[in-house]
Every structure is written in structure tokens, then in C-alpha cells.
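# Chain and residue survey
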Amino acid sequence: MQKADTIFTGGTILTMDPSYPRAQAVAVRGEHIVAVGERAEVEALAGPGTKLIHLDGKTMIPGFHDAHSHLLQYGLELATVDLTPEVCPSIQVMKRLITQRAAQMKPGEWVRGWGWDESRMEEGQMPTADDLSQAAPNNPVMITRTCYHMVVANRMALELGGVTNNTPNPQGGCIVRDAQGVATGLLQDDAQNFVKGIIPPPEKAELKNALALASKVYNSCGITSTCDGSTLLEIRGEIPAWCESSQDGTLLVRTTALMSPNI
């Protein structure tokens, strides 16, 4: 009989099986659960090399499945400037964080950030192109709101994207303008593509790093499998990164890729 690699005991083990809702122990071999049941019968699978983990009364449950996820996109955002409310409570802090990142980059390289939410910031208002231009005058800047439906670009990024005060709104999007008709830098929904479309695509190494970063965060939340709802929609060369990350063990979330039929 093959022995288990790891056995878990000493906690509340919830199986999610109505016919057997709680167990005393779980045995794992490789990537598979090989036994769930009473402690004595599971520990019979222990061998000299088996690792025994005592849960110290904690609860053990099966991994969560995220039915609609964007693992790669999330990982790419993790590598940008963190502008989430916990880190970035004000526009002043936002400008400082962007200035710090720009100082690490060459003039002309893109500075990107993610996670801002004006409703949870001190000013209670959207950042503007001028705010970002002051923070990084020599770099194009684009920051993505937490909802992914809006970005703010600085003046250099708007110019590179061909956005002027007179640029028509695209179908399905809006270039937000102030009372004088000046583009504020806020691009909603499909208007984001003016700027997103000119940012150089990430290299395969960046994609693999993004998958590794996101996998660790997902695992820390108990998420072990996902359906990726945007494979190839924005990044054409991502399939090799998925495959290599799976093969070398850095993709820690089992993923079903849902690809657009129009690719």
C-alpha cells in the first residue's frame, strides 16, 4: 500500500458531503486526497516519510473555486503601484507613490497603478491628468480604478493615445471633460482603449511573474481553482506563460481558460 505524503488531524474537518459532513483526518499523496475519515484509519497510511500536521483546533475545508476570475490580469496589477485605499488614502499619497515609482524608471517608460477608489479617499473626488502629470512629468501614467471600468491618464499618456479635448467619445465609452470641455484624464469603459491600446504588451517573463504573484494571493484566501474569463482578450501571447507556469509549478491555482470565440 502506498503511504501518504501528508496527514492532517486535530481540527474541525468539514467535507461538504452531506452524508459525512465531518471527518477526523485527511491524507494526501502528491496532488490528490487519498483518504478522509476516522483518525485511526487515516493514520494507517502514515509511513516513515509522512508529514503529520496537527491543525491545533483550526477548521479545514476544501479549496474554494472562483467561477469567474481574471487571475493573470490581477497578477499584472499586483506588479504595478498599489493604490488600494489601505495604502493610498488620498490623492496626495497617490502622487507621492507614483513619483517614487517614476524615479525608479527611465523617462518615457510607462508608470501604472491599480486599485484607487475615490469614494474611500480623503478628497472624495477623482484624480486628474494634471495630478498625475505633476507626480510624473517625464513618464506616461495610467492608473486603473478598483472596478476596472475606469482609468485616469496623465497628459503625456493622453497625448500618446491621441486623446484631445475634441476627440469624440467611442461607442461604449466616455472621455470625461470638465465644464470648460477639457479632458480631465478620466476614461470610462471602452474609452480606456485609447491609452491601454498603446501600452507595450508584457513579456512572457512578466506574465509568468504575474501568475505566480496572483496564485499566492489566491491560495492565501483558500482559492485553489478558477475559471479565467478573459484569456487572450487583451494579451495575445499569454498561452505559453500559462503552460510554462503550470509545468514549473509556479501556477498554484488550477485554471480553466475561457477564450473569446472571436480570437
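All values derive from a computational prediction rather than experimental measurement.

Okay, the sheet that holds strand S11 (residues 173–177) next. The strand order S7-S8-S9-S10-S12-S11 describes an open sheet built from 6 strands, whose pairing is mixed. Of all strands in the sheet, those bounded by a partner on one side alone are strand S7 (81–82) and S11. Where helix H3 (residues 91–103) meets the sheet, its contacts fall on S7, strand S8 (111–116) and strand S9 (141–145), and the angle it forms with S8 comes to roughly 150 degrees.

All right, on to the side chain of Thr231 then. Tracing the backbone shows Thr231 in strand S13 (residues 223–231). A relative accessible area of 0% places Thr231 in the buried class. Separated by 2.5 Å, the side chains of Thr231 and Asp228 make a polar contact. Not counting residues up to four positions away in its chain, the partners in contact with Thr231 are Glu238, Ile239, Trp242, Ala257, Leu258, Met259 and Ser260.

Time to look at helix H7 (residues 204–220). The first and last C-alpha atoms of H7 sit 25 Å apart over 17 residues, in line with the 24 Å expected at 1.5 Å per residue. Within H7 the residues assigned to the buried category are Leu207, Ala210, Leu211, Ala212, Ala214, Ser215 and Tyr218. Considering only its buried residues, H7 is in contact with strand S6 (64–69), helix H2 (71–78), S13 and helix H8 (239–248). Taken from the residues just after H7, Gly222 is the one with a positive phi, measuring 85 degrees.

In spatial order, the strands read S6-S13-S14; together these 3 strands make up an open sheet with parallel pairing. The two strands at the open ends of the sheet, each matched to only one other strand, are S6 and strand S14 (254–259). Averaged over all pairs of adjacent strands, the angle between strand axes in this sheet comes to 10 degrees, irrespective of strand direction. Here H7 sits on the sheet in contact with S6 and S13, set at roughly 135 degrees to S13.

To continue, consider the layout of surface pockets. Taken as a whole, the largest pocket spans an internal volume of roughly 1300 Å³. Every residue lining the largest pocket is counted, 36 residues in all, and those nearest its centre are Gln73, Leu76, Arg112, Pro202 and Glu234. Where the lining of the largest pocket is concerned, the elements lending two or more residues are H2, S8, S9, helix H6 (193–196), H7 and S13. If one sorts the elements of the lining of the largest pocket by residue count, H2 sits on top with 4 residues. Tallied by class, residues from the lining of the largest pocket come to 14 nonpolar, 11 polar and 11 charged. In this structure, the second largest pocket occupies an estimated 1100 Å³ of space. Around the second largest pocket sit 26 residues that line it, and Glu31, Ile33, Gly63, Thr224 and Arg254 are the ones nearest its centre. Mapped onto the lining of the second largest pocket, the elements with two or more residues apiece are strand S1 (6–14), strand S2 (22–29), strand S3 (32–37) and S13. Of the residues contributing to the lining of the second largest pocket, the split by class is 14 nonpolar, 10 polar and 2 charged.

Thresholds applied
Sequence order as written defines the numbering, with residues in each chain counted from 1. Only residues with pLDDT of at least 70 are given local features in this predicted model, and only at 80 or more are side-chain atom pairs given and counted; all residues enter the totals for whole chains, interfaces and linings. Only heavy atoms go into the side-chain values, all of them from the structure, while hydrogens and water stay out. Pairs of strands are assigned from DSSP output, requiring at least two bridges between the strands. In this text, helices come from DSSP runs of H or I with a minimum length of four residues, and strands from runs of E with a minimum of two, each type numbered from the N-terminal end. The contact definition used throughout considers only heavy atoms, calling two residues in contact when any of these lie within 4.5 Å. Helix axes use the C-alpha atoms of the stretch in contact, all axes being lines fitted to C-alpha atoms, and the angles between their N-to-C directions lie in the range 0 to 180 degrees. For every residue, the accessible area (1.4 Å probe, protein chains only) is compared with the maximum for its type, and the residue is labelled buried under 20%, exposed over 50%, or partly exposed between those bounds. Polar contacts, as counted here, are pairs of nitrogen or oxygen atoms within 3.5 Å of one another; within protein the pair requires one atom able to donate a hydrogen and one able to accept it, and residues that are adjacent in sequence qualify only if both atoms are side-chain atoms. Multiply 1.5 Å by the residue count of a helix minus one, and that product is the helix's expected span. Buried and open spaces are told apart on a 1 Å grid over the protein atoms alone, a cavity being a set of points where a 1.4 Å probe fits but cannot get out and a pocket being an open set with protein on both sides within 12 Å along at least five of seven lines. Residues with an atom within 4 Å of a point are the lining residues. Grid points are joined across faces, edges and corners, and a volume is the space filled by probe spheres set on the points. Three residue categories are used. Nonpolar comprises Ala, Val, Leu, Ile, Met, Phe, Trp, Tyr, Cys and Pro, charged comprises Asp, Glu, Lys and Arg, and polar comprises the others, including Gly.

Read these as spatial facts, not as claims about activity.
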